[in-house]
Amino acid sequence: MAWVCTAATGQEMVADTLQGRGVAGPYTLTWNRLVERSEIVLLETRWLTRDTDYWIDYAAGQIRFAEPLRVGQTARVSYRIQSGVSQRNTNTDVALETELARWGPAALSLRGRIIGDPNRPTTDLGLRAAWQEPTREGEALYLMRNPRGDDAPALLQLRSQWRTDTGWQGAFRFSRVDTDFGDAKPYGLASGQQSAEASLLFQPDAHLRTRLQWSLAEPLRAGAPAQQRWNAGLDYQLQQVRLSLERHIAALGNQPTQATDRAVVQMRPTDTVQLQMEHQTQTQGERATQQTQVRAQLGQAMELRHRTLDDSQQGRTEESGVAMRFGAPTVQGTVGLEQRWREDAQHRTAQLGLQAQLAPRLRVSGEFEAAENAGQMRGYHLQAQPISGLQLSLQAREYQGLRGLNLRSQQAQLDWQLGGGLTLSGQLAQNPLHQGAPQPIQRKQYQLRWRQGAWDIEAGYTEQSQLGQSLIERRYLLGMRRRLDAYTLLGLSYQQSEWERDAFLREAALRLGLTRQMASLYMSLEAQLQLPRTDAQPQQRPNYSGSLRLGVQF
C-alpha cells in the first residue's frame, strides 16, 4: 500500500507499508528512482538507521533490512519521489502464508509468493515448518518455482538458533537453491549455490565475549571452487580499557589461503583523552603485510595519528597526520596536515576550513586543500538573508590539478517568500557538487508557487545539459491542487519534457488525482494521459492509465 500526500509538486512524499514474510529482503517499494536520503523507516514503533538497520537501493526502489521481518510484522517506509524522474515499479510482489497445523510451539504452513510481471509471471509455492520456544527456534523451508511437474527448480533452507542461561549462544543455517530457480534475493539467498553457516558465542558476563564462526559457499556448477571462512575473536572490556583479538582465515577457491590476525587496544584514561593502538598481520601465499596504527584524540581540539605499513612486495609506507579544531562562538575552524613516506618519496597534504557567523543573517565559510606537487582546491560558501523572507546561498569550488581536476564548481540558490502565499525559488549550477564531488552538468531551475486557502498552484522550469555534450533537456511543469473539503484533495498536473540534439523531441504527461480521507484510511484515484516521443519506433499512440490506491496513516 502506498499513500501520496502531495499530488502536483516537484517532489512528492510517499509512504509504503511492508508486510513481513520472514526474510530480510529485498522488499520492493511502489516507486523507483527515489530522492536520495529522503526516506524515514519505522519498524512498528522503532525508528531505523540507514546503513545499520537497513540498506536501500534508491535506483531500483528496494529495501533490505538487517534482520528478517517476521510474518505479521509491518514496516512503514516514507520517502520522496521526483516528478518526471521517479517511476512506478510495475511488478507486484505478493507474499502468501496460510497455517495448516499447529502443535504447541511448532507449526506447519503453506508458503508462497507471486510476482505479477506480465512478461514473465512467477509463482513460488511450498511448505514451511517452524518452531519457537523461549530459548530456541528453528525453520525448515522448501519452495518450488512455477511448479508444473517433477522438474520444478527448488529452494531449500534449514536454520536454527539457541541460547542458554550460562551465556552460550549457537546458530546454524543451510541453504540450497537450484540454478534454474532464478532470482532468490527476496529470500536473502543466491541462486545456483548451496551454503552453510555456523556460529558459537560465549558471553559469561558484561566484560568478556568470545565467538567462533564458520561459513561455506559452494556453487552448483561443475568445476566452480567452494569458498570457506573461519573467524575467531575475543573482546574484553573494562570501564577505561577495551581489548579485541581476532583471527580470520579465508580459503577462496583456487587462490592461496588468506590469514589475518588483528589486535586492538582502546584506552580512555580521562574524559578528554582517547588512545587507540591497532596491529594487523595478513599473509596470502608468498605475500605478507603488517600494519600498525596509533591514534590519540585530545578532547575535541586535536587528533594525532600515525600508520606504518610493511608489504613484502611493495616495501614500507608511513603516514602521519594531525587535525586541530579551534573557534569562538562566532568563528570556528579546522586545520589538517598529513605526510606520507614511501621509500625515497614524500607527499604532504594540508587542509584548512573556516566558518564565521558575521551577522545574524550572514554566514560565510571557506575551505582550502593542497597536495605537494599535486595541485590544490579552494572554495567558499555564503548564506545570507538580506531582507525578511529572502534566502540566498552561493557555493563555489575551484580545482587546480587536485585529484586530476581543473575546473570550477559553482552553484547559486534563491528562496523568496514574496507574500500573499507566493514563493519564488531558483537554482543556477555548473559542475554542481554531489556527495563532495563535482558533476559534469549545467542546470537552470526556476519554480513559482502560490498557496492561498484551499489552492496550491505551481509552475516550474528546468534546463539541464551534460557538459561536453550537445544534448539539452528541458522540463516544464504546471500543477494545481485544490482541497474540496476537509477530507478531499483534488490534484491536476501537466509535465512536458523536451530534448534537443540533432533533432527536437518532446513528450508530455497529464495527471488527474483525487484523494479522500476516511478516518485513518486514505483512498486515491489517479488518471494519466501520456503522449510518447515523436521519434518512437514504431509510432505509438497516446497511453491512458488509471490507478486506485488505499493507504493507512499512522
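In case you missed it, the structure is sitting above this.
Sequence order as written defines residue numbering, which begins from 1 separately in each chain. Where totals are concerned, whole chains, interfaces and linings use all residues; where local detail is concerned, this predicted model gives features only for residues with pLDDT of at least 70, and gives and counts side-chain atom pairs only at 80 or more. The basis for every side-chain value is the complete set of non-hydrogen atoms in the structure, without hydrogens or water.

1. Things to note about the overall build of the protein
Numbered from the N terminus, helices here are DSSP runs of H or I no shorter than four residues, and strands are runs of E no shorter than two. Looking only at helices and strands, the protein has 0 helices and 41 strands in total. Taken over the C-alpha atoms alone, the protein extends approximately 70 × 65 × 50 Å along its principal axes. Looking at the protein residue by residue over its 554 residues, the buried ones come to 30%. With residues, only the protein chains shown are counted as cover, and all accessible areas are computed by Shrake-Rupley using a 1.4 Å probe. Here the protein displays about 33,000 Å² of accessible surface, and carbon together with sulfur accounts for 53% of that area. Between buried and exposed lies partly exposed: a residue is buried under 20% and exposed over 50% of the maximum accessible area for its type, with that area taken using a 1.4 Å probe on protein chains only.

2. What about the sheet that holds strand β8 (residues 62–65)?
Two strands form a pair only when DSSP identifies at least two bridges running between them. On the basis of which strands lie adjacent, the open sheet formed by 3 strands has the order β3-β8-β7 and antiparallel pairing. Taken across any chain shown, the strands that pair with only one partner, and hence form the sheet edges, are β3 (27–28) and β7 (54–57). Sheet topology note: the β3/β8 ladder contains 2 bridges and is antiparallel. Note on β8: the bridge partner recorded for Y27 is I63.

3. Quick notes on the environment of W55
Examined against the element boundaries, W55 turns out to sit in strand β7. Overall, W55 belongs to the partly exposed group, its relative accessible area being 40%. For the pair W55 and A106, spaced 51 residues apart in sequence, the C-alpha separation works out to 32 Å. Note on contacts: a residue pair is in contact if any heavy atoms of the two residues lie within 4.5 Å. Sequence-distant contacts of W55, defined by excluding residues within four places in its chain, comprise Q62, I63, R64, F65 and A66.

4. Digging into the pairing of strand β27 (residues 345–359)
Judged from the 12 bridges that link them, strand β26 (residues 331–342) and β27 form a sheet pairing that is antiparallel. Following the sheet pairing, R340 is matched in β27 by H347. Remark: 2 residues form the turn of the hairpin made by β26 and β27, two consecutive strands paired antiparallel; E343 in that turn has positive phi of roughly 55 degrees. Summarising the sheet, β27 and strand β28 (residues 362–371) pair through 10 bridges and their orientation is antiparallel. Bridge pairing links Q355 to S365 in β28. Counted along the chain from β27 to the antiparallel partner β28, the turn is 2 residues long.

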